[in-house]
Amino acid sequence: MPHTLDPELRRALAERVRFCHEMGIYDFYRRERRSSESATSEHSVAQLDDPASFTSQELREEMPARKSAVVTKAAKIADENSIIAITPKPEHGVADPAAALKLIREDLGDCTRCRLHQQGRKQIVFGVGNPRAELMFVGEGPGADEDTQGEPFVGRAGQLLNNMIKAMGIRREDVYIANVVKCRPPGNRTPERDECETCSPFLMRQIAVIKPKVVVALGAVAAKNLLAMNASMSELRGRFYDFLPAGARSIDASWEGAKLAVTYHPAYLLRAPRQKGEAWKDLQMVMKFLGLEPPKKPAE
Ligand code: SF4
């Protein structure tokens with residue numbers, strides 16, 4: 001079974017990590033347990049009062065143990081900020097999601113925040129679709145066709161995604177489609193963790209203003225980045241996760257987050273068509289939640 005967290009703990013952890021990122025802190029380290037701390041307290045709600053400790057516990061398997069002054073800096077900031085701070089963003093307070101998305105795009109600008117800006121990208125692929133979509137699809141990153149056209153999922157994988165959307169009884173323009181990273185990784189390689197961490201706050205902001213009912217993560221990279229969870233596709237699929245992007249609550253208190261489902265990336269389905277049935281099961285779960293019916297076949 002995947003290692004899952006209580007949604008409240010996950011939300012608090014995501015907000016703490018995001019806050020630290022905004023402070024320029026990307027590495028987290030395990031704090032030595034004090035003798036007075038019992039082993040059974042490791043994942044208790046009380047740890048929300050000490051997010052630095054909680055964060056390092058959860059991330060230690062992913063983070064190499066290194067000595068650094070950052071440890072002291074992170075611990076100091078965490079101790080000084082028991083109340084989670086969210087830096088105001090230009091779109092905060094903007095009720096119209098289309099206008100808010102425009103502000104996020106402007107904030108992104110001609111982005112040079114990660115190395116992907118200088119590795120052959122033609123343009124930034126921001127996202128496309130209905131700013132009020134109930135359903136969002138999130139992929140990994142743009143490929144060659146997307147890089148050329150400036151729109152996510154327009155190549156062969158995009159055609160398959162279109163077919164998947166159509167099979168759900170809706171149109172591509174009804175949903176919103178975006179990626180974890182907005183610039184094409186060279187040679188269509190998997191985006192590196194630091195690239196995802198640098199770019200994904202913009203995706204989180206897009207999700208926060210669109211406020212979909214369901215987010216479908218296409219493939220393991222999208223799923224792991226959205227859920228901050230390390231698990232195999234077989235473990236990740238087949239259920240809904242409660243998902244709230246960091247900062248969302250401060251933008252609209254009435255939105256309680258989305259359900260997140262994981263399915264195979266269409267590019268993988270092109271290589272492994274026998275898995276299409278499994279992907280269809282995932283989409284049927286989403287359709288049931290959204291009350292969607294597949295289109296009726298024309299009468300013979
Ligand atoms: S991938 Fe994202 S963070 Fe990196 S340069 Fe492109 S837009 Fe900026």
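Owing to the predicted nature of the structure, the values given are computational and were not obtained by experimental measurement. Once a new chain begins, its residue numbering starts again from 1 and follows that chain's sequence as written. Local features in a predicted model are, by the rule used here, given only for residues with pLDDT of at least 70; side-chain atom pairs are given and counted only at 80 or more, and totals for whole chains, interfaces and linings are based on all residues. Each side-chain value is derived from all of the structure's non-hydrogen atoms; neither hydrogens nor water enter the calculation.

1. Here we look at the overall build of the protein
In terms of regular secondary structure, the protein is built from 12 helices and 6 strands. Using a 1.4 Å probe on the protein chains alone, a residue whose accessible area is under 20% of its type maximum counts as buried, one over 50% counts as exposed, and one in between counts as partly exposed. Residues classed as buried in the protein amount to 46% of the 300 residues present. With residues, only the protein chains shown are counted as cover, and all accessible areas are computed by Shrake-Rupley using a 1.4 Å probe. Summing over all exposed atoms, the protein offers an accessible surface of approximately 15,400 Å²; the carbon and sulfur share of this is 51%. A run of H or I in DSSP counts as a helix once it spans at least four residues, and a run of E counts as a strand once it spans at least two, with each numbered from the N terminus.

2. What to know about the sheet that holds strand β4 (residues 214–218)
One open sheet accounts for 6 strands, arranged β1-β3-β2-β4-β6-β5; its pairing is mixed. Taken across any chain shown, the strands that pair with only one partner, and hence form the sheet edges, are β1 (128–129) and β5 (241–243). One bridge is not enough; two strands pair if DSSP finds at least two bridges between them. Pairing of β1 with strand β3 (residues 176–179) involves 2 bridges; the strand directions are antiparallel. What sits directly across from G129, in β3, is Y176. Every residue pair with non-hydrogen atoms within 4.5 Å of one another is taken to be in contact. Angles run from 0 to 180 degrees between N-to-C directions of axes, and those axes are lines fitted to C-alpha atoms, restricted for helices to the stretch in contact. Where helix α7 (residues 193–210) meets the sheet, its contacts fall on β2 (135–139), β3, β4 and β5, and the angle it forms with β3 comes to roughly 165 degrees.

3. Thoughts on the pairing of β3
Going residue by residue along β3, you find Y176 and A178 tucked away on one face and I177 and N179 tucked away on the opposite face as well. Note: β2 against β3, 4 bridges, orientation parallel. By the bridge assignment, V138 is partnered in β3 with A178.

4. Quick look at the site of the ligand
Proximity criterion: a residue is near a molecule or strand once any of its heavy atoms comes within 4 Å of it. Close to the ligand lie L108, C111, R113, C114, L116, H117, R121, K182, C183, T198 and C199, which account for all nearby residues. Spatially, the ligand is embedded in the second largest cavity. Charged means Asp, Glu, Lys or Arg here, nonpolar means Ala, Val, Leu, Ile, Met, Phe, Trp, Tyr, Cys or Pro, and polar covers whatever is left, Gly included. The residue inventory of the shell around the ligand, partitioned by class, reads 6 nonpolar, 2 polar and 3 charged. Cavities and pockets were defined on a 1 Å grid built over protein atoms only: a cavity is a set of grid points that admits a 1.4 Å probe from which the probe cannot escape, a pocket is an open set flanked by protein on both sides within 12 Å along at least five of seven lines, and lining residues are those with an atom within 4 Å of any such point. Being in a pocket or cavity means that more than half of the molecule's atoms lie within 2 Å of its grid points.

5. Quick look at the side chain of K182
Structurally, K182 is set in the loop between β3 and α7. Under this rule, positive means Lys or Arg and negative means Asp or Glu; His and the chain ends count for nothing. Any carboxyl oxygen of Asp or Glu within 4 Å of a side-chain nitrogen of Lys or Arg constitutes a salt bridge here. No salt bridge is formed by the buried K182; its nearest oppositely charged neighbour, E91, is found at 11 Å. Counting of polar contacts relies on pairs of N or O atoms within 3.5 Å, with two restrictions inside protein: one atom must be capable of donating a hydrogen and the other of accepting it, and residues adjacent in sequence are counted only when both atoms are side-chain atoms. Here F126 takes part through its backbone oxygen, which lies 3.3 Å from a polar atom of the side chain of K182. Within the structure, K182 has its side chain in polar contact with the side chain of Q206 (distance 2.5 Å). Beyond its immediate chain neighbours, meaning those up to four positions away, K182 contacts L108, Q123, I124, V125, F126, P142, C199, F202, L203 and Q206.

6. As for the layout of surface pockets
Considered as a void within the structure, the second largest pocket measures approximately 610 Å³ in volume. Lining the second largest pocket are 30 residues, with E140, H265, A267, Y268 and R271 sitting closest to its centre. At the level of elements, α5 (144–149), α6 (156–167), α8 (220–227) and α11 (266–271) are the ones that each hand at least two residues to the lining of the second largest pocket. Considering every element that reaches the lining of the second largest pocket, the biggest residue donor is α11, with 4 residues. Partitioning the lining of the second largest pocket into residue classes produces 15 nonpolar, 9 polar and 6 charged. Grid points are joined across faces, edges and corners, and a volume is the space filled by probe spheres set on the points.

Structural measurements only, silent on function.
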